[in-house]
Amino acid sequence: MAECDAMNEQMPLLLTESLGREERERAHQHIENCAACAAEWKAYRATWSELGELPEVEVPARVKEQFLSTIGASRDSKVIPMRSRLAPGPRPSALPRWFAQAAAVVILVGGSYYAGNRTAPLRVLPSPATIQSVEQTPYSIAETRVLNASAISPNIEGRPNIQNVQFVDADASDNQIGVSFDVTSRVTVTGAPTDKSLVRLLSYVLERDNSTSPSRSNAIDWVRRTYSDPNHADPEIADALAKVLRNDTHEGVRIRAVETLKDMSPASSGTRDALIDALKNDPNPAVRIKALEALSNLAKAGTALDAKTIDTLRAKASQDDENPYVRVKAAELLSEIP
Amino acid sequence: MNHLSDQELMKIVQAGDYAPASEIYDRYSGRIYNFAFRFLKNAEAAEDATQEVFVRMIKYASQFQGDAKLSTWLFSITANWCRDYLRKSDNKAKEAEDVLLSLPASSEYSPERDLERRESELRVKRALGALTAEQREAILLSRYQGLSYAEIALIAGCSEGAVKTRVFRAMETLKKALTADVGGGGRWLNATR
């Protein structure tokens, strides 16, 4: 019973992938053998998943305008080349006065943020690596199944609720990778990056609509490292990334997706369409800029941009209410097209 | 400027050039606003928080340490602002104003699916609203921002142990409030080819 209580307290850590490998495996071993904890774990996962139903809300445009106005920077200042940091020029006239006022506020209130944290300067430890070796598994327990990708079906049935996804590349030279995850037990699927079962599994991880953002971000980073190699190029991976780019509510995830698409070649028409859609419709200008960079990469790699793409670029370059950076980037890309 | 890292942009700001302010805003305003909106449950206050966080970022740029993550620093400022806001008794009364505020229906889904999503959204909002401010802060940073417990501890000004406790208690409360049918399994893994 005491073990169940301890296990219960560990479940949030399991959900956030914050447990070490040994603790995680021990936890799963217990959950598998304890009906009460298995039910509890199922409820935790359902709760975590339902929390994902809260949509992202867009920031009203007036907030940015007010911010830029407050600090004395106009929207147009974003496209003015920066002054050299070695030989800084004079600041805009409003700034020294504003800064003096700000300094006075700092002195008066003693600093808002750091005053409350003066004994703990903000230092963030590096994140733990997400790539772990199968060979170093300290436990050889029955609940961790290692399956070869060639032995399982590439058709994933029933939209399984997979959790705690981790990626494995024990030996970078052997062209074998692995994906570990929890389903009804801990499973590691290993195989070549080009193996269809692995490709489908990775695509599924990328596309799952109830995936937590950190898992999806990790998945995208890992896909980028693995599938940027032209020898591993697979259109299904590119399609999955394109869906993430179109559908994910987290802008950070969409940015990662477009950055990954940028590095993948050769680009399919689906990839190009997804980039165009992002450029036209994504609410976040950072994503739109990344989409432009990706299109620029395609053009430089010799991919001919079709009339639809060029029309979109022209529209963006001349759109009055578009972010100035997006407009400049679109114009630059148009000028690069022969 | 979008090719520069957060640290590089902040170095420019620290040197007195505010040209990167817009770029930094574009990178983080969505996360900051959503965090504040969910924490305070008040759209107007979330707008004020977002604007003030970026103004403070400029004001106190010199205090940003280059080896820290900008996101963590910005969330620290945001959380401080939000806590101050909630401390004021007048503001507590405003908390529930936006709880029932729903987003426009999305044409992306069928009417039935759209209704389901909106009901689910409402359930989640109510459940989050039942948490204490500390628990809500911890769960929002963990679940929606994907921050580690160490990062949340820095932001909340408490120990990692305290963060674990807050997340645990929050999850216990949320679990009671939310129920969902978890489907799927690993059947396909048993299908050989």
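Just so it is clear, the structure is predicted and the values come from calculations on it, not from any experiment.

Draft legend 1. Broad picture of the overall build of chain A. Each helix and strand in chain A was counted, giving 13 helices and four strands. For chain A, the proportion of its 338 residues judged to be buried stands at 47%. Long-range contacts, defined as pairs at least 24 residues apart, comprise 63% of the intrachain contacts of chain A with a sequence gap of at least 6. Carbon and sulfur atoms make up 52% of the accessible area of chain A, which amounts to about 15,900 Å² in all.

Draft legend 2. The packing of aromatic side chains, seen in detail. Within the structure shown, the criterion is met by eight aromatic pairs over all chains. Where Tyr25 of chain B meets Phe54 of chain B, the ring centres are 4.9 Å apart and the plane angle is 55°; that geometry is what we call tilted. Residue Tyr25 of chain B is located in helix H2 (residues 21–40), and its partner Phe54 of chain B is located in helix H3 (residues 43–59); the two are separated by 29 residues in the primary sequence. The class for Phe54 of chain B is buried, based on a relative accessible area of 0%. An aromatic cluster is built from Phe67 of chain A together with Tyr25 and Phe54 of chain B, whose rings are joined through pairwise contacts. Lying across the ring of Tyr144 of chain B, Arg38 of chain B places its NZ or CZ 4.3 Å from the centre. Geometry around Tyr44 of chain A places Lys175 of chain B over its ring, the cationic atom sitting 5.0 Å from the centre.

Draft legend 3. Fine view of the environment of Met57 of chain B. All names here are of chain B. You can see Met57 is positioned in helix H3. When the C-alpha positions of Met57 and Ile77 are compared, they lie 8.1 Å apart, and in sequence the two are 20 residues distant. Non-local contacts of Met57, meaning those with residues more than four positions away in its chain, are made with Met10, Ile24, Trp73, Leu74 and Ile77.

Draft legend 4. Molecular detail of the pairing of strand S4 (residues 186–191) of chain A. Residues and elements named next belong to chain A. Of all the six residues making up S4, six are buried; the element is thus mostly covered by neighbouring parts of the structure. Burial of S4 is two-sided: the residues Arg186, Thr188 and Thr190 facing one way and the residues Val187, Val189 and Gly191 facing the other way are all buried. Bridging between strand S3 (residues 177–182) and S4 involves six bridges; their strand directions are antiparallel. Counted as the bridge partner of Asp182 is Arg186 from S4.

What counts and what doesn't
Residues numbered from 1 in each chain as written. Chains lettered and ligands numbered in written order. Predicted model: local features only at pLDDT ≥ 70, side-chain atom pairs only at ≥ 80, totals over all residues. Heavy atoms only, no water. Helix = DSSP H or I, 4+ residues; strand = E, 2+ residues; numbered from the N terminus. Buried < 20%, exposed > 50% of the residue type's maximum accessible area, 1.4 Å probe, protein only. Contact = heavy atoms within 4.5 Å. Areas by Shrake-Rupley, 256 points an atom, 1.4 Å probe, with all protein chains shown as cover. Phe/Tyr/Trp six-rings, centres within 6.5 Å; stacked < 30°, edge-to-face > 60°. Lys NZ or Arg CZ within 6 Å of the ring centre and 35° of its normal. Pairing = 2+ DSSP bridges.

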